[in-house]
Each structure stands twice: as structure tokens, then as C-alpha cells.
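# Topology and contacts: notes
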Amino acid sequence: MIEDAPAPPGRRRDLLLGRPVPFHPVLFAVFPVLALFAANVREGVEIADVLPALAWVLGATLILLALLGAAFRSLPRAALVVSVWAILFFSYGHVWLPVSRGAPTASGLVLREDILLASWALLAVVAIVLAALIRGWLPAATRVLNVVGVFLVVVNVATIGWGLFTSGARADLAGAVPLDPPDGELRDVYYIVMDRYGRSETIRELFGYDNDPFLDSLRDRGFVTAEESAANYPKTAHSLAASLNMTYLDELTRRAGRGSDDWVPVYSMLRGFRVADSLQSIGYRYVHLGSRWEPTRVDPAADVNATTGLSEFGQVLYDTTVAAPVARRLGLFRLDPRERERRRLLEQFRILEEIPQDDRPTFTFAHVLLPHEPYLFEADGSPVTEAEEASRSPARNYVGQLRFANARLREVVDRLLAGPEEADPIVIIQADEGPHPVRYQYNQLSFRWPLATRSELREKLWILNAYHLPGLEGVEVDPDITPVNTFRLVLREYFGADLPPLPDRTYVFVDQRNLYDFVDVTARLEEGETGS
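A brief look at the structure comes next.

The rules we used
Residues numbered from 1 in each chain as written. Predicted model: local features only at pLDDT ≥ 70, side-chain atom pairs only at ≥ 80, totals over all residues. Heavy atoms only, no water. Helix = DSSP H or I, 4+ residues; strand = E, 2+ residues; numbered from the N terminus. Buried < 20%, exposed > 50% of the residue type's maximum accessible area, 1.4 Å probe, protein only. Contact = heavy atoms within 4.5 Å. Areas by Shrake-Rupley, 256 points an atom, 1.4 Å probe, with all protein chains shown as cover. Lys, Arg positive; Asp, Glu negative; His and termini not counted. Charge placed at Lys NZ, Arg CZ, Asp CG, Glu CD. Patch = residues over 30% accessible without salt bridge, like charges linked within 9 Å, V, L, I, M, F, W, Y side chains within 5 Å. Salt bridge = Lys/Arg side-chain N within 4 Å of Asp/Glu carboxyl O. Phe/Tyr/Trp six-rings, centres within 6.5 Å; stacked < 30°, edge-to-face > 60°. Lys NZ or Arg CZ within 6 Å of the ring centre and 35° of its normal. Pairing = 2+ DSSP bridges. Axes fitted to C-alpha atoms, helices over the stretch in contact; angles between N-to-C directions. Core = buried A, V, L, I, M, F, W, Y, C linked by side-chain atoms within 4.5 Å.

## Here's the deal with the overall build of the protein chain
Check the secondary structure of the protein chain and you find 22 helices and 9 strands. For the protein chain, the proportion of its 532 residues judged to be buried stands at 52%. Counting contacts in the protein chain only where the partners sit at least 6 residues apart, residues at least 24 apart contribute 76% of the total. Carbon and sulfur atoms make up 58% of the accessible area of the protein chain, which totals about 23,800 Å². Charge separation in the protein chain, taken as the distance between the mean sites of 53 positive and 68 negative side-chain charges, equals 12 Å.

## Things to note about the environment of Val 475
Considering the arrangement of structural elements, one finds Val 475 in the loop between β7 (465–468) and α21 (486–495). Classification of Val 475 as partly exposed rests on a relative accessible area of 27%. A sequence separation of 18 residues divides Val 475 from Glu 493, and the C-alpha atoms of the two residues are 8.3 Å apart. Once residues lying within four places of it in the same chain are set aside, the contact partners of Val 475 are Leu 489 and Glu 493.

## Concerning a nonpolar patch on the surface
Taken together, the side chains of Val 21, Phe 23, Val 150 and Val 154 make up a nonpolar region of the molecular surface, amounting to roughly 340 Å² of accessible area. Of note, Phe 23 is situated in the loop between α1 (12–18) and α2 (24–39). A residue is classified by how much of its surface remains accessible, and Phe 23, at 37% relative accessible area, is partly exposed.

## Some points on the pattern of salt bridges
As enumerated under the stated definition, the model contains 25 salt bridges in all. Three or more residues are tied together by salt bridges with common partners; here these are Asp 49, Glu 294 and Arg 297.

## Concerning the packing of aromatic side chains
Under the criterion given, the structure shown has 24 aromatic pairs. Ring plane angle 40° and centroid distance 5.7 Å describe the contact between Tyr 286 and Phe 363, whose orientation is recorded as tilted. Placement of Tyr 286 in strand β3 (residues 285–289) and of Phe 363 in strand β5 (residues 362–368) is noted, with a sequence separation of 77 residues between them. In this structure, Tyr 286 and Phe 363 share a single accessibility class: buried. The structure contains a cluster of three or more aromatic residues connected by ring pairs, namely Tyr 191, Phe 273, Tyr 286, Phe 363, Phe 365 and Phe 487. Lying over the aromatic face of Trp 462, Arg 199 brings its terminal NZ or CZ to 3.8 Å of the ring centre.

## Some points on unusual backbone geometry
Of note, the amide linkage connecting Leu 370 to Pro 371 takes the cis form, showing an omega dihedral of 0°. Within the secondary structure layout, Pro 371 lies in the loop between β5 and α17 (386–391). With an omega of 0°, the peptide bond between Glu 373 and Pro 374 qualifies as cis. Even without being glycine, Arg 73 reaches a positive phi, approximately 55°. By the element assignment, Arg 73 lies in the loop between α3 (47–72) and α4 (75–100).

## Overview of the sheet that holds strand β2 (residues 224–225)
Within the open sheet, the 7 strands sit side by side as β2-β7-β6-β1-β5-β3-β4. Their pairing is mixed. A single partner strand is all that each edge strand has here, and the edge strands are β2 and β4 (304–305). In the sheet, strand β1 (residues 189–194) pairs with β5 via 6 bridges, with the strands oriented parallel. When the sheet's bridge partners are listed, Val 189 is paired in β5 with Phe 363. In the packing of helix α16 (residues 337–354) onto the sheet, the strands contacted are β1, β3 and β5, and the crossing angle to β5 comes to about 160°.

## Overview of the nonpolar core
Judged by nonpolar contacts, the single largest core of 107 residues is most densely connected at Met 194, Phe 363 and Ile 429. Element by element, the count of residues in this core is highest for helix α18 (residues 394–416), at 9 residues. Filtering out sequence-adjacent residues up to four positions away, Met 194 remains in contact with Phe 349, Val 368, Leu 370, Ala 405, Leu 409, Ile 429, Gln 430, Ala 431 and Asp 432. Core analysis: the second largest hydrophobic core is formed by 18 residues, Val 30, Phe 37, Ala 38 and Val 153 among them.

In C-alpha cells, the structure reads:
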């Protein structure tokens, strides 16, 4: 490769003293990681999830810089190439997203990706050629890149610092509920939350699929289905905060303010929550089977965190890189984000089936992102590719994944109920929310829930809610029970807790800029509305 031309002897010392150190590759490598953290610093992302990504990109950058520096025999030239490659590596996903939209067929989507990958490869080669040919303006280019890199890093570090400083209104959770455990063996308790699983009426109207046979199969296994149930809130965080702590979220309105867009207060209610705390206080082992979604991925208060795979932060970062499509094309499916998520979901079901093997009383919370998108499963469990998902109707995608989820849930339930009847566990299979309305999907940040039509509210808020409550034959489950009362019922009837039922109400927040400005829409779900 071409070496830097030596300076004239008389000017060599001055030139060396004035030559800028090319540290910009490090800055351009860490910038995407910091930018993603800065954009999500109030979304519950943990610093512990960011540090491994920073370590990986720093290590890879320094190794690449050393190899290319030896090849070029010039650190500034190598630095120029590494910075360009870093930009290309991390920007691919951001460019691919708009390019992929509107592809008429699966083959058209593949063609567009082929063209974009070829363009990226060409730009990577061009960077090498330019670095080899550049001469007089290399020091100036190094200075400019250093300054730009410093600016990008400083802006994002400042944003992160401000976000961490101002996200201090964490929820003040109540302590464990006093429980009076029954004599004899304690029953295992399973709380399985299926994300975006709508009520049967919703699924029939929106997707043309009759889900009643699945509900019948649950009833055949001893479940009671609350067929008029609605979520207490329209988003996972709010909904789970209510069900896991057995309370409405009025306290968050007082602490954070109606106009707050800070997710941290509600996310803090998803870890060390009151239901698990109460059951742990009487000897239950708490198994947390988290999703890829950061707020439920792990719970430090759990006795066992059975989470597998990358964090949501790591997965989103990986999906923005060119490594994702290249790994898929090379058949490295273990690196493919869709295959990773498929494995995670399959592993959740497998772990659920194995928990009964432990003789200790166990409370298990499982947050399963099904039938939540991305749509990864055919009804028989075979994989759905990204191109296939893009070319299919929303109904086909949703129903296929729903049918797979139903089949695995039946298998899990059969395994959980396989022991002696007197030791049958308490099993709640419940959704946190229903599918996204179309208008909301295209404008999530500014969508104003109080202005949603009745149909949109029903789509989002009518949910699956099924209970297996062995030994409580004389206790009725109200058909319109909401999740906030789920564990009030369980802890009251099985453990003597002083937890009277709360009124079953459904609230929406104004929009995602006003997360704690709640409006009661219970009546609108139940009654007609002009123009809805």
C-alpha cells in the first residue's frame, strides 16, 4: 500500500508536532451506541445493557485500526477508512427502512436489499481507494473528522446525562401484602401475559378468525374465561404496572405530573412489584421469564431470571447494522434477529413446561411477545421470513402467529396440569393489550387516545383473560374482571389477603407526551357512539 510521503528534513519536526492524532474512528464507532441510548434514556434502558455494546464496538474498531494501519503503513489513512466503514456499518438499517417500504412482492424486497448491499460494498471499497490516493489534505480531513466526532459524542453524552438526571420520579411502591398461607402444600402460580392478544370478538371482526375453539379448549381444561374483560390501560407498561401491583396509577399522576413523557416512573413498577414481593414473603420462589422488551427483560428482585438472548437495546442496535442482512445471506441464522427472537419465544415455552419439575412453590411471571409482531411463525411453528411477512396481509400474519401461540399454550397448560389434581397450579393467561389500531401504528407519538373511535378503543383494550383456579369451585369470576383485580382475587381467595376488589375501569392517557393524564373510557367501551 501507499505510504505517507516523508516530510523534508528541515520541516519534519514542525510537521510532526502539528500533525493531528486520528482518534475519530473511536468516536464514530461509539456514537451510534450513545445515540441509541440517548434516544431511549427515558425508556427504561439500563446502562448495563449499553456497556457491552460499547466494549464490542471499541474492541472491533481498535483491532481494525491496527490491521489497516499496518497495511497502509499510515495510521491517518487507516483511520479514514475505519471511520467511513463505521458510518456505513451502523447506518445501513436506517437507510434500509425507507428503501424497503412499498416493495410490491417478496422478490421485490429481496432485489432492493441486494442493490443496497451492493451499494454499501462499493462505498466500502471506494473508501479504501480514496485513503490510498489522498495526500495533501489528509491532516485537514483528520482534524475535521476529529471535530465532528467530538461534537456527536459530546451532544449525546450531554443528552444521556440530562435524561438520567431528570428521570427521577420513580414510583413509591407499597410493600408486600400480609398473607395467611394455607396449611399443606402451596400451589404454584403462573402469570402468563400474551402481548397484543385481543378478545375473540375483536379477532373475529378484524381478522376474520374464530378463536372460540381455543377458548373452549381452555374451558375443557378447567379454565374460566372472562369474556367481557378489558385492559385497564392501552400500553403494556401501564397495564402490567396495574396488574402486577394491584392498583390504578393515580399515584404516578401525582408524582410525575399529567404532562410528563417520562416512562421511568411506570417502568419502575415492573420490577420488584407487589405481587411477587407478597408471594416471596411466604416462601415462594419468583421465576421471571422476561421478553426482549427492556422493562420486563429482567427483574433484579427475582430469584431466577430465565431470560435468553440479547437485550432489546442490543437487538435494535444490531438490526441497524449491515451485519444483520449479511449474516442472513450467509446462512448464519443464529445471528439473524428474527431467528434470535424465534429461539427466545420457543425457549420461553420450553422453560414454562419445565418449571413444574421443581418441588419448591414457585410464582412465575412470563411476558410472551405473541401474537405481537414481528410475525415469525406459521400456524405450524415453521418460520416466516421478513420478505414473506412484508408481502402478506396483516390478518394472515396475525392469525398465523395467533394459531401457533394457541397450540403452544395448550401444550404448556397440559404440562402444568399433568400432576395430581390436588397440586394443580393457579394459572392466569391474560393479555396486557390488544392489537394496534391502524391509525395508531402510523402516529404512535401523537395519537390522542381520548379521541379514538369506539372501534379503535375496543381493538386496543378488549383482551384475552382466562383463569385456572383449582379448589375455588364456589368462587365466581366476573366476566368483566380487569387485570387490576386479578391478583386481588387470587391473593384474597387463596391466601386470605385483605384485598377487596377495585371497580373495574379502563383508562387511556392523552398521548405519549402526556403519559399520566388519564381519561376514563369504560363507558365508551360498553356503549354506542355516533361516528365510531
